[in-house]
Amino acid sequence: MRALRVVGLDEDGESVICEDPDNGERFTVPADERLRAAARGDLTRLGQVQIELESPVRPRDIQARVRAGASVAQIAASSGLPEQRVERYAYPVLLERAQIAEMAQRAHPVREDGPDVQTLGEVVAHTFGMRGLDTAEANWDAWRGDDGKWVVQLLWQAGRSENGAHWVFHPGAHGGTVAALDDHAADLLDPSPNRPLRTVRPVTELAREALELDGPETDDHSVPPPRPEAAPVAETPPPGLESTAPPERTAPERPLATPVGEVTSVDEDAEPEPDDDAKAEPRRGRKNHPIVPSWEDVLLGVRSHR
């Protein structure tokens, strides 16, 4: 590489004349922004000029896209520039976004009655604690929207699902205010809203019958199950009267006592009276402890022979 000596400017003032001191050969170098930056030793400006010449994306455009929420990888993929070169101009804007996200955590959420006393970071930490989540694993970010307002984003993972909440941040006195932009953001600000409860489906008849068969000691005011279609049986007790005794067996009617002095005739064709053992059997059933039929007898409409 030969060393040249600067002679001066060309007549048009747009080129620098250099001369080879060995043979006196002269050369011209354009007096552009790169030459001025190199003469000043401004490497940052020299890199910016190089990007402007090599790519249509200017450093100002890179910073504007980063401030709008684009990442370094996205800009590098769309512009064809190396990520290291894009990151050089995106780094100051990334710091600005991180600072805005930190300021938004100290802002106060806006509710129906005005700004909350607690900050956004405190409310989110309380909600995460109720859900068993850790705020240290969540990521805060911010960018400037198309309307010029800052949008704050919180990303976290619950199980296998990734969730995101967004607020609009208004800087101001006492930390500023934030307002929810989506449902996730509203749920984090109010984890237990007063919402109408969902109605419960009615129990099917089949499930109701199964529950009543499993628990015989049910309430008397419960709805009785429908009777299965079976042969009609005389004197079926109603299902709602489980505690009442079933109809007792009626003993054969005794002849009325005749007054004294009258002679009663004995009918030879009449059946003989049952013996004492047969009479004692129904009497034992009329003691203080009546025989209570089982639930199956009441449900199926049959008599107990116990």
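Note that the coordinates shown come from a computational prediction; the quantities given were computed from them, not determined experimentally.

A.B. asks: So what's going on with helix 4 (residues 72–79)? Residues and values would help.
C.D. replies: Within the span of helix 4, buried status applies to Val-72, Ile-75, Ala-76 and Ser-79. Looking straight down helix 4, one finds that the buried residues subtend no more than 100° of arc, so they occupy a single side. Each element contacted by the buried residues of helix 4 is listed here: helix 3 (59–67) and helix 5 (83–105). Directly after helix 4, the chain includes Gly-80, whose backbone phi takes a positive value near 80°.

A.B. asks: I'd like a description of the confidence of the model for the chain, backed by residues and values.
C.D. replies: Of the residues in the chain, 64% reach a pLDDT of 70 or more, and the chain-wide mean stands at 75. Confidence, expressed as mean pLDDT per element, reaches its minimum in the chain at helix 9 (residues 276–284) with 50 and its maximum at strand 6 (residues 139–144) with 96. Contacts of residues 218–222 to residues separated by more than four positions or lying in other chains number 2 contacts, the stretch itself having pLDDT below 50. Low pLDDT (under 50) marks residues 255–270, which in the prediction has 2 contacts with non-local residues, meaning those over four places away or in another chain.

A.B. asks: Before we move on, can you summarise unusual backbone geometry with the specific residues and values?
C.D. replies: Keep in mind that most residues, glycine aside, have a negative phi and that most peptide bonds are trans. Phi is positive for His-174, which is not a glycine, with a value near 60°. Residue His-174 is classed as exposed on the basis of its relative accessible area of 74%.

A.B. asks: Any details on the side chain of Asn-163? Residues and values, ideally.
C.D. replies: Locating Asn-163 in the fold gives a position in strand 8 (residues 161–170). What Asn-163 contacts, discounting residues up to four positions off in sequence, is Leu-154, Leu-155, Trp-156, Ala-158 and His-184.

A.B. asks: Can you explain helix 5? Please cite residues and give values.
C.D. replies: Along its length, helix 5 reaches its greatest deviation from straightness, about 50°, at Ala-90, and the proline Pro-92 lies no more than four positions downstream. Of all the residues in helix 5, the buried ones are Val-86, Tyr-89, Ala-90, Val-93, Arg-97, Ile-100, Ala-101 and Ala-104.

A.B. asks: Mind laying out the nonpolar core, listing which residues take part and the relevant values?
C.D. replies: Soluble, globular proteins show a tendency: their nonpolar side chains are buried together. With 21 residues, the main nonpolar core has Phe-128, Leu-154, Trp-156, Trp-167, Phe-169, Val-178 and Leu-188 as its most contacted residues. Every element with two or more residues in this core is listed here: helix 5, helix 6 (120–130), strand 7 (150–158), strand 8 and helix 7 (183–189). If we skip the residues at most four places from it in the chain, Phe-169 touches Ile-100, Met-103, Ala-104, Ala-107, Trp-150, Val-152, Gly-175, Thr-177 and Val-178. The next biggest cluster of nonpolar side chains, apart from the first, holds 11 residues, and it includes Val-57, Ile-62, Val-86 and Val-93.

A.B. asks: Can you explain the pattern of salt bridges? Please cite residues and give values.
C.D. replies: Summed over all chains, the structure comprises 5 salt bridges. The partner of Arg-58 in a salt bridge is Asp-61, with the nearest N and O atoms 3.4 Å apart. One salt bridge connects Glu-102 with Arg-106, and the closest N-O pair in it is separated by 3.7 Å.

Reading guide: rules and limits
- Residues numbered from 1 in each chain as written.
- Predicted model: local features only at pLDDT ≥ 70, side-chain atom pairs only at ≥ 80, totals over all residues.
- Heavy atoms only, no water.
- Buried < 20%, exposed > 50% of the residue type's maximum accessible area, 1.4 Å probe, protein only.
- Helix = DSSP H or I, 4+ residues; strand = E, 2+ residues; numbered from the N terminus.
- Arc of directions from axis to C-beta.
- Contact = heavy atoms within 4.5 Å.
- pLDDT = per-residue confidence, 0-100.
- Bend = angle between axes of the 7 residues up to and from the residue.
- Core = buried A, V, L, I, M, F, W, Y, C linked by side-chain atoms within 4.5 Å.
- Salt bridge = Lys/Arg side-chain N within 4 Å of Asp/Glu carboxyl O.

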